[in-house]
Amino acid sequence: MTRDELLTRLLRLLPAQFDVVLFRLAIPPAYLVGSEAPQAMRATEVIRYLEQQNQLERLAQIITDITTAETAAGRGQTAAVGLGSTDAWPQESLRLDRERVRDDEVVECQCELAIRTPAFLDVAGGELAAEVQALTRSLRSSAAIELGLMVNKPPRRVRGLLQWQEYNRECNNVIRKSEFEIGDGGFLAFRWARFTDLKNRREAMLEVLPFLNGVIAPLWLHRLAIESVVSRAGGSLPERIALRLSCHATPAPLLLLDNICATQPPGLFAMPESTPDWTVSHEQKWERSSRGIAIRILGKGLVNFTVSASFPGTGPTTSFVKIDEAVLDRIGGVDL
């Protein structure tokens, strides 16, 4: 497909479809004009950038995937995009930016949970956001309450997604940031991070309870919101659900402080220094409970850690304690 043909196909896309194309391409924002610019101008810049990266074929495939899914949905069919597809997720985890983070705050610890339905789901981002807003008003867990405070503020549009951000300086040189995104087709993502300096490195550690809640609360909200929207529209629930869980730390290693689920006195869970960044994915059939998928994605993520009584290299290590039904029951606050 030539560049002229690609431009023509981009200009024929609906604005929501065009935003999905940009989301899947994950082009750095610095290379594109803002979302307020005409679609023709944005499409031209997309083609110029991908031409330099020798990725025009990838653009053609993404456009084909999106238009095929829309056509199949119109026939009452399902056009599945498998998790194994290179275009199923953005190529890299979408990390929080360093805006309002000082230059000396070089130690960072970031996590991201992204949720999607692999097959086309006719649910607009605005519909899903409205359901999430309603649900968060009745939640008890700290993570869910935090999400509720975020999504009940006006969102901004970024890459075709509704986005909310929260910024808080907890103490001197310790910054906490979080970000929540909702998009068309059942997409939802939650990111949380801490930034600090080398003197406060312990403050940048992950703690087990917030880490578990950062996965469980968005997953619970996503399931109930999708079920509510689909039920009201008289449609069918998605056949499958896909999750991606990512962690990033610099400098390595990333430390995780256990404060809820260890079978021994609280200790430090140290990520091996060779893997300060990791991403795990999981896809399965849609279920009316989120407990099973929460246990599976958390289990895949936490095997990236080993447990130690103190910092790495100062004591014996064992495997991370298993996340199971008993651990979920101890967390409480959300009925998965």
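Within every chain, residues take consecutive numbers counted from 1 along the sequence as written. Local features in a predicted model are, by the rule used here, given only for residues with pLDDT of at least 70; side-chain atom pairs are given and counted only at 80 or more, and totals for whole chains, interfaces and linings are based on all residues. Only hydrogens and water are set aside when side-chain values are computed; all heavy atoms of the structure are taken into account.

**Comments concerning the packing of aromatic side chains**
Then, number 1: Any two of the Phe, Tyr and Trp rings considered here, Trp counted by its six-membered ring, make a pair once their centres fall within 6.5 Å; the pair's planes then place it as stacked at under 30 degrees, edge-to-face at over 60, or tilted in between. Considering all chains together, one arrives at six aromatic pairs under this definition.
Then, number 2: Look at Trp164 and Phe180: their rings are 6.1 Å apart centre to centre, the planes differ by 45°, and that puts the pair in the tilted class. Within this pair, whereas Trp164 is found in strand E3 (residues 161-171), its partner Phe180 is found in strand E4 (residues 174-183), the two being separated by 16 residues in sequence.
Then, number 3: For every residue, the accessible area (1.4 Å probe, protein chains only) is compared with the maximum for its type, and the residue is labelled buried under 20%, exposed over 50%, or partly exposed between those bounds. A residue is classified by how much of its surface remains accessible, and Phe180, at 0% relative accessible area, is buried.
Then, number 4: Measuring from centroid to centroid gives 5.2 Å for Phe190 and Trp192, while their planes differ by 20°, and the two rings are stacked. Both residues of the pair, Phe190 and Trp192, count as buried.
Then, number 5: Taken together, the aromatic side chains of Trp164, Phe180, Phe190, Trp192 and Phe211 make up a single cluster linked through ring pairs. Put simply, DSSP marks the helices as runs of H or I at least four residues long and the strands as runs of E at least two long, and each gets a number from the N terminus on.

**Topic: the packing of helix H5 (residues 125-136) against helix H7 (residues 208-233)**
Then, number 1: Packing of H5 against H7 brings their axes to within 9 Å, and their N-to-C directions diverge by 120°. On the basis of the axis angle, H5 is oblique to H7. Along this stretch, H5 crosses H7, giving a crossing that reads as right-handed. Every residue of H7 that contacts H5 at Glu127, Leu128, Glu131, Val132, Leu135 and Thr136 is listed here: Leu221, Leu224, Ala225, Ile226, Ser228, Val229 and Arg232. Lines fitted to C-alpha atoms define the axes, with helix axes restricted to the stretch in contact, and inter-axis angles between N-to-C directions lie between 0 and 180 degrees. Should an angle fall under 35 degrees it is called roughly parallel, over 145 degrees roughly antiparallel, and 65 to 115 degrees roughly perpendicular, with every other angle called oblique. Crossings are classed by handedness, with left-handed meaning an anticlockwise turn of the near helix from the far one by less than a right angle and right-handed meaning a clockwise turn. Here a residue-residue contact requires only that any non-hydrogen atoms of the pair lie within 4.5 Å.

**A word on helix H2 (residues 15-25)**
An α-helical turn contains 3.6 residues, so a residue and the one three or four places further along point in the same direction.
Then, number 1: Extensive coverage of H2 is indicated by the burial of eight of its eleven residues.
Then, number 2: When we look at burial in H2, the residues that qualify are Gln17, Phe18, Asp19, Val21, Leu22, Phe23, Arg24 and Leu25.
Then, number 3: Positive backbone phi, approximately 55°, marks Ala26, located one or two places after H2.

**With respect to the environment of Leu237**
Then, number 1: Mapped onto the secondary structure, Leu237 falls in the loop between H7 and strand E7 (240-250).
Then, number 2: Between the C-alpha atoms of Leu237 and Thr117, which are 120 residues apart in sequence, the distance is 10.0 Å.
Then, number 3: Residues within four places of Leu237 in sequence aside, it is in contact with Ile226, Glu227, Val230, Trp286 and Arg288.

**Concerning the nonpolar core**
Then, number 1: Phe180, Phe211 and Leu212 are the most contacted members of the largest nonpolar core, which totals 51 residues.
Then, number 2: A per-element tally of this core places H7 first, with 13 residues.
Then, number 3: What we call a nonpolar core is a set of buried Ala, Val, Leu, Ile, Met, Phe, Trp, Tyr and Cys residues that are connected through their side-chain atoms within 4.5 Å. Ranked by size, the runner-up nonpolar core spans 19 residues in total, among them Val21, Ile47, Ile62 and Ile63.

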